[in-house]
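What follows is the residue order along each chain.
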Amino acid sequence: MSHPSASRIGRTLTGLTAVAACSAALLPTTATADPVHAPGAQLASGYPNLAPTPPMGWNNWSYYQCGGLNEKVVLDNARALVRKGLAHQGYRTVTVDDCWMTKQRGPKGELVPDRTKFPHGMGYVGQELHKMGLKFGIYEDVGTLTCGKYPGSLGHFAQDARLFASWGVDYLKADGCNVPVAKGQSKERAFHDLYAQQSRALRATGRPITFSVSAPAYFQFSGDAVWHRVIKWSAQLGNLWRGGADIAVQQSTSAAKWKSIQGNFRYNANLADLQRPGRWNDPDFLLVGDPGLPRNEMQSQMSLWAVMAAPLISSTDLGRLSPQAQAILGNREVIAVDQDPLGVQGHIVQQDGDAAVLSKPLRNGDRAIALFNGGSTARTLSLTASSAGLPAASSYRLRDLVTGRSGRTARTIVARDVPPHATVLYRVRAER
């Protein structure tokens, strides 16, 4: 969850239209002053690499939001991860998003779980998840309040981090709503200083807690130079970061969900040079299994997220997954592209209107090639092997990672009659 009241605004990036949420209205827009990389600025040392491959798991927010969040929902979805074999495929971090706590801190300044929603407390949730072989993720905010107006961690970073560690938390998603900006201070400086405090507090617990930073999402419309700079220091302070818009929620129309998937793909695809192995661009949750999304759109999101080396974090009712949606989420070969140990985000190598082609190098020398048709009519998409970054060879072996079909080609990689809103994902190998 980030800036829930933000509007969705269109933006063009290298010929592709991005749709994203703007920064919180409470924050001033003087982001270009006093950059954190000015001479003498102090940065926290690099955060431990606790995510050597993109994190995978489940989060309640997009499907359930505040009103549907409770202990039973969280643990039932965790059990579904295990029962359906998705945990074995790598979906192991179960994260409780905003609204899990009461509106007031306790007598010692501590965060207090909402006992109506979580009658056994958050330590119990962590214990139950660990018994299932899963990891426990939780949500907070570095400002005065969370996006849902619950207590933020500002002024309590060390106390909250120790509490999370005592509950067995393995992953913290730290949002950036309601960050105060002092007179004479830039918005960027304010965000950097608070996220740096949170980063140090997590390290001081001695517990390995994967840190998800939301700062860049609040700078997407501050100009690319500022936005990219915030991403760079976020990569020093944490393991992954939200770059822009929240993905659409379950109550959205089917058209809005698809627009949201396209928008998040298109801004994130242009950030490939800012990611590095162990430090991940996060375009937000997978909606695979969400009502109203047809197969082509679910498969497109899964394939595009995989070729971008994005975190694969489901946000749906896993107990009601259709066989089709489960097959998409659990596709071992697509997951392997996302989790490839080389850890490189695929780049756009070709684009034409609503279509885009991405190429991602893999550790064994193969390439993952995604041919995306975002338009409303079927298209034939193609590119040469050299354009994909493949070495010269007499032929190339192609494997369609969705259908399982294999074949060979001489120089040109072709996907014929790609349906509207569909993506063909190939694994390609040069044969000598």
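Note: the structure precedes this text.
In this report, the structure presented in the accompanying data block is examined. Everything quoted here is computed from the prediction, not taken from an experiment.

Thoughts on the sheet that holds strand β13 (residues 367-373)
Now for step 1: Read across the sheet, six strands follow the order β11-β12-β13-β18-β15-β16 without closing on themselves; strand pairing throughout is antiparallel. Looking along the sheet, the strands with just one partner apiece sit at the ends: β11 (347-352) and β16 (406-409). Neighbour-to-neighbour, the strand axes of the sheet open up by a mean angle of 25°, direction not taken into account.
Now for step 2: Strand direction decides the pairing type here: strand β15 (residues 395-400) and β16, joined by four bridges, are antiparallel.

Considerations on the pattern of salt bridges
Now for step 1: Under the counting rule described, the total for this entry stands at 16 salt bridges.
Now for step 2: One network of salt bridges, in which partners are shared, links Lys72, Asp76 and Arg79.

Looking at the environment of Met302
Now for step 1: Secondary-structure assignment places Met302 in helix α8 (residues 295-307).
Now for step 2: Residue classification places Met302 among the buried positions, given a relative accessible area of 0%.
Now for step 3: Along the chain, Met302 and Ile335 lie 33 residues apart, while their C-alpha atoms are 8.7 Å from each other.
Now for step 4: Once residues lying within four places of it in the same chain are set aside, the contact partners of Met302 are Tyr91, Leu286, Val288, Leu312, Ile328, Leu329, Val334 and Ile335.

Quick look at the nonpolar core
Now for step 1: In this structure, Tyr91, Trp100, Tyr195, Met302 and Trp305 are the most contacted members of the largest nonpolar core, which totals 109 residues.
Now for step 2: Among all residues touching Tyr91, those that are not within four sequence positions of it are Met56, Gly57, Leu81, Leu86, Leu134, Leu286, Met302, Leu312, Leu329 and Ile335.
Now for step 3: Core analysis: the second largest hydrophobic core is formed by 19 residues, Ile413, Ala415, Ala422 and Tyr426 among them.

Topic: the packing of aromatic side chains
Now for step 1: Taken as a whole and assessed by the stated rule, the structure comprises 13 aromatic pairs.
Now for step 2: Look at Trp100 and Phe164: their rings are 6.5 Å apart centre to centre, the planes differ by 65°, and that puts the pair in the edge-to-face class. Of this pair, Trp100 sits in the loop between β4 (93-96) and α3 (122-131) while Phe164 is found in helix α4 (residues 157-166), placing the two residues 64 residues apart along the sequence. The pair Trp100 / Phe164 is uniform in exposure class, with both members buried.
Now for step 3: With centroids separated by 6.1 Å and ring planes inclined at 45°, the aromatic side chains of Phe164 and Trp167 adopt a geometry described as tilted. The same class applies to Phe164 and to Trp167, which are both buried.
Now for step 4: One aromatic cluster in this structure is built from Tyr47, Phe191, Tyr195, Phe211, Tyr218 and Phe219.
Now for step 5: Here Lys103 stacks its cationic end above the ring of Tyr150, 4.1 Å away from the centre of that ring.
Now for step 6: Sitting over the ring of Phe219, Lys187 keeps its end group 4.5 Å from the ring centre.

Let's talk about the pairing of strand β5 (residues 135-141)
Now for step 1: With six of its seven residues buried, β5 lies for the most part within the structure.
Now for step 2: In the sheet, β4 pairs with β5 via four bridges, with the strands oriented parallel. Bridge pairing links Val96 to Ile138 in β5.
Now for step 3: For the crossover that starts at β4, traverses α3 and ends in the parallel β5, the hand is right-handed.
Now for step 4: Two elements, β5 and strand β6 (residues 171-175), share five bridges in a ladder whose sense is parallel. The partner of Ile138 across the bridge, within β6, is Leu172.
Now for step 5: The β-α-β motif built from β5, the intervening α4 and the parallel element β6 has right-handed crossover chirality.

Structural notes on unusual backbone geometry
Now for step 1: Positive phi, close to 80°, is recorded for Cys99, a residue that is not glycine.
Now for step 2: Among the secondary structure elements, Cys99 is positioned in the loop between β4 and α3.
Now for step 3: A relative accessible area of 0% means that Cys99 is categorised as buried.
Now for step 4: One non-glycine residue, Asp284, lies in the positive phi region at around 90°.
Now for step 5: For Asp284, the position within the fold is in the loop between β9 (280-282) and α8.
Now for step 6: Residue classification places Asp284 among the buried residues on the basis of a relative accessible area of 3%.

Procedures and definitions
Residues numbered from 1 in each chain as written. Predicted model: local features only at pLDDT ≥ 70, side-chain atom pairs only at ≥ 80, totals over all residues. Heavy atoms only, no water. Pairing = 2+ DSSP bridges. Helix = DSSP H or I, 4+ residues; strand = E, 2+ residues; numbered from the N terminus. Axes fitted to C-alpha atoms, helices over the stretch in contact; angles between N-to-C directions. Salt bridge = Lys/Arg side-chain N within 4 Å of Asp/Glu carboxyl O. Buried < 20%, exposed > 50% of the residue type's maximum accessible area, 1.4 Å probe, protein only. Contact = heavy atoms within 4.5 Å. Core = buried A, V, L, I, M, F, W, Y, C linked by side-chain atoms within 4.5 Å. Phe/Tyr/Trp six-rings, centres within 6.5 Å; stacked < 30°, edge-to-face > 60°. Lys NZ or Arg CZ within 6 Å of the ring centre and 35° of its normal. Right-handed = clockwise from strand over helix to strand, strands pointing away.

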